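Residue-level structural notes
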Amino acid sequence: MDTDAKGRIWFITGASRGLGRAFTEEALAAGDRVIGVARDVSPLAELIDRSDGRLVAYPLDVSDRAAVMAGVRRAVAVFGRLDVVINNAGGALLGMIEEVSEEQARRHLDTNLFGVLWVAQAVAPYLREQRSGHLLMISSMGSAGGFASTGLYGAGKAAVGAISDALAMELADFGVHVTLVGPGGYETGLFTKGLTLADPNPAYAELRARLERLWGESRDFDPADAARVLREIVDLASPPRRIVLGGVAFDMVAELERTRWAEYARWEALSRRADRP
């Protein structure tokens, strides 16, 4: 990616914690400049003080489309362009499909789906007009398929995948790269500070207990490891359109895909009868 002597310009949403914070630190360590936004950017204060003016942060609620448009205009005005956009802001919603309230579902998708869409719409004209740049859409390895109690979370991330695939086709002729990034489990606080819980239905108590045992055996990894790989991705002349972050996550996604295709193959004959006279 062509940049000036001062390095690349990154625009990172959800920059104040978790993966967004790790991405911000990695970009600064590379000598680049960053505009970091989040609902609360106060956790970035110390990092700003140590950045020698290379980190600019301001509050932004990505669920507010007008605010996103204004926030991206402000970002472009800070350093004059955008080279790398990390569309990362999001939260988690935990609950069986039957348990999730309308208010919870709408609030969750306002950030995890529509917030991602508004950021993509806001940055696309700038990247397209400058005929360069890399837009990274942060999804989840969980978007590979629905899973009990994370259905709404997975639905939003799966939709981000479809938007990312479309953007990659739409922006390719303008020299803009788009990569869908599917992180595995990292120590980000997503399922603590960023978590919304639906009211539990006793009917699912047994399933919930099994899930808690399963998750209790899982391990979360250091987000700095993901950030280092992400920096490698943006350094590539021909970056991937889709990538999973983490070996454990890769194996899980591969198994999900094999299981899905085995189910398709099992019913292939029935499928083919649907367009025969």
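For the structure itself, consult the block above.
The text that follows walks through the structure, step by step, so that each part is easy to find.

Rules used in this analysis
- Residues numbered from 1 in each chain as written.
- Predicted model: local features only at pLDDT ≥ 70, side-chain atom pairs only at ≥ 80, totals over all residues.
- Heavy atoms only, no water.
- Core = buried A, V, L, I, M, F, W, Y, C linked by side-chain atoms within 4.5 Å.
- Buried < 20%, exposed > 50% of the residue type's maximum accessible area, 1.4 Å probe, protein only.
- Helix = DSSP H or I, 4+ residues; strand = E, 2+ residues; numbered from the N terminus.
- Contact = heavy atoms within 4.5 Å.
- Axes fitted to C-alpha atoms, helices over the stretch in contact; angles between N-to-C directions.
- Parallel < 35°, antiparallel > 145°, perpendicular 65-115°, else oblique.
- Left-handed = near helix turned anticlockwise from the far one by under 90°.
- Nonpolar A, V, L, I, M, F, W, Y, C, P; charged D, E, K, R; others polar.
- Phe/Tyr/Trp six-rings, centres within 6.5 Å; stacked < 30°, edge-to-face > 60°.
- Lys NZ or Arg CZ within 6 Å of the ring centre and 35° of its normal.
- Salt bridge = Lys/Arg side-chain N within 4 Å of Asp/Glu carboxyl O.
- Pairing = 2+ DSSP bridges.

1. Things to note about the nonpolar core
A general tendency of soluble globular proteins is for nonpolar side chains to be buried together. By size, the foremost hydrophobic cluster in this structure holds 33 residues, and its most contacted members are Phe11, Ile35, Leu82, Val123, Leu135 and Met137. Only β1 (9-13), β2 (33-38), α3 (65-79), α4 (102-130), β6 (134-138), α5 (151-171) and β7 (177-183) provide two or more residues apiece to this core. Here this core takes eight residues from α4, the largest share from any one element. Leave out the neighbours within four places in its chain, and Ile35 touches Ile9, Trp10, Phe11, Ile12, Val56, Tyr58, Ala75, Val78, Phe79 and Leu82.

2. Concerning the packing of α4 against α5
Interaxial distance between α4 and α5 falls to 9 Å at its minimum, and their mutual angle equals 15°. Accordingly, the angle class assigned to the pair α4 and α5 is roughly parallel. Note that α4 runs across α5; the crossing there is right-handed. Contact residues: Ala105, His108, Leu109, Asn112, Leu113, Val116, Leu117, Ala120, Ala124 and Arg128 in α4; Leu152, Tyr153, Gly156, Lys157, Ala159, Val160, Ile163, Leu167 and Leu171 in α5. Taken together, the residues of the contact of α4 with α5 break down into 14 nonpolar, three polar and two charged.

3. What about the packing of aromatic side chains?
One pass over the full model with this rule turns up two aromatic pairs. Residue placement shows Arg33 over the ring face of Phe79; its charged tip is 4.9 Å from the ring centre.

4. Structural notes on the pattern of salt bridges
Under the criterion given, the structure shown has 17 salt bridges. One salt bridge connects Asp165 with Arg242, and the closest N-O pair in it is separated by 2.8 Å. With Asp165 in helix α5 and Arg242 in strand β9 (residues 242-245), the pair connects residues that are 77 residues apart, well separated along the chain. Taking the shortest distance from any N to any O, the salt bridge between Glu255 and Arg258 comes out at 3.0 Å. Remark: Arg258 and Glu255 occur in helix α8 (residues 247-266); sequence separation between them is three residues, near one turn of the helix. According to the relative accessible area criterion, Glu255 is partly exposed, its value standing at 41%. It is possible to trace a salt-bridge network through shared partners that takes in Arg8, Asp32 and Asp235.

5. Topic: the sheet that holds β2
Taking strand neighbours across the sheet as the criterion, the seven strands line up as β3-β2-β1-β4-β6-β7-β9 in an open arrangement whose pairing is parallel. For this open sheet the edge positions go to β3 (55-59) and β9, each flanked by a neighbour on one side alone. For this sheet, the mean inter-axis angle between neighbouring strands, taken without regard to orientation, is 15°. Strand direction decides the pairing type here: β6 and β7, joined by five bridges, are parallel. The residue bridging Met137 from the neighbouring strand is Leu180, located in β7. Strands in contact with helix α1 (residues 18-29) are β1, β2, β3, β4 (84-87), β6 and β7; relative to β1, the strand with the most contacts, it is inclined by about 170°. Taken strand by strand, helix α7 (residues 223-235) contacts β1, β4, β6, β7 and β9, and its axis lies near 145° from that of β6.

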